[in-house]
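A look at the structure
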Amino acid sequence: QPLMDIEAKPSPPRPRWYERHVQPCVAELLGSALFIFIGCLSVVEDSAGTGRLQPALAHGLALAVTVAVLGDI
C-alpha cells in the first residue's frame, strides 16, 4: 500500500482571545464571589454548637452543587 493514502487530520482551531484570557478570569471571579458569599452567610448566625463545622459544610456543599451543575462544561 502506498504511504500517500494516509489522510492528515487538520489541526484544531486556536482558541480565540476571549476564550484564552477573559473567560478564565470571569470564571475565577464568579467562583471566588460564590465561595466568599457562601462562607460569609454560613457564619452570620453562628449557633453555639456548630463551631468550624458549619462553614466547612457550607463550602463543601457549594462546591458539590457547582460541580454537579457545571460539571459538563
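Residues numbered from 1 in each chain as written. Predicted model: local features only at pLDDT ≥ 70, side-chain atom pairs only at ≥ 80, totals over all residues. Heavy atoms only, no water.

**Observations regarding the overall build of the chain**
Looking only at helices and strands, one finds 2 helices and 0 strands in the chain. Across the 73 residues that make up the chain, the buried fraction comes to 7%. Working note: accessible area of the chain is about 6900 Å², and carbon and sulfur atoms make up 67% of it. (Helix = DSSP H or I, 4+ residues; strand = E, 2+ residues; numbered from the N terminus. Buried < 20%, exposed > 50% of the residue type's maximum accessible area, 1.4 Å probe, protein only. Areas by Shrake-Rupley, 256 points an atom, 1.4 Å probe, with all protein chains shown as cover.)

**Here we look at the environment of Gly60**
Mapped onto the fold, Gly60 is located in helix α2 (residues 53-70). Classification of Gly60 by relative accessible area gives partly exposed; the value is 38%. Between the C-alpha atoms of Gly60 and Phe35, which are 25 residues apart in sequence, the distance is 9.7 Å.

**Regarding the packing of helix α1 (residues 17-42) against α2**
Across the interface, α1 lies against α2 with an axial gap of 9 Å and an inter-helix angle of 145°. Two packed elements cross with a definite hand, and for α1 against α2 that hand is right-handed. When α1 is examined against α2, the residues Leu34, Phe35, Ile38, Gly39 and Ser42 are found in contact with a partner set consisting of Gln54, Pro55, Ala58, His59, Ala62, Leu63 and Thr66. Residues of the contact of α1 with α2, tallied by class, amount to 7 nonpolar, 5 polar and no charged. (Axes fitted to C-alpha atoms, helices over the stretch in contact; angles between N-to-C directions. Left-handed = near helix turned anticlockwise from the far one by under 90°. Contact = heavy atoms within 4.5 Å. Nonpolar A, V, L, I, M, F, W, Y, C, P; charged D, E, K, R; others polar.)

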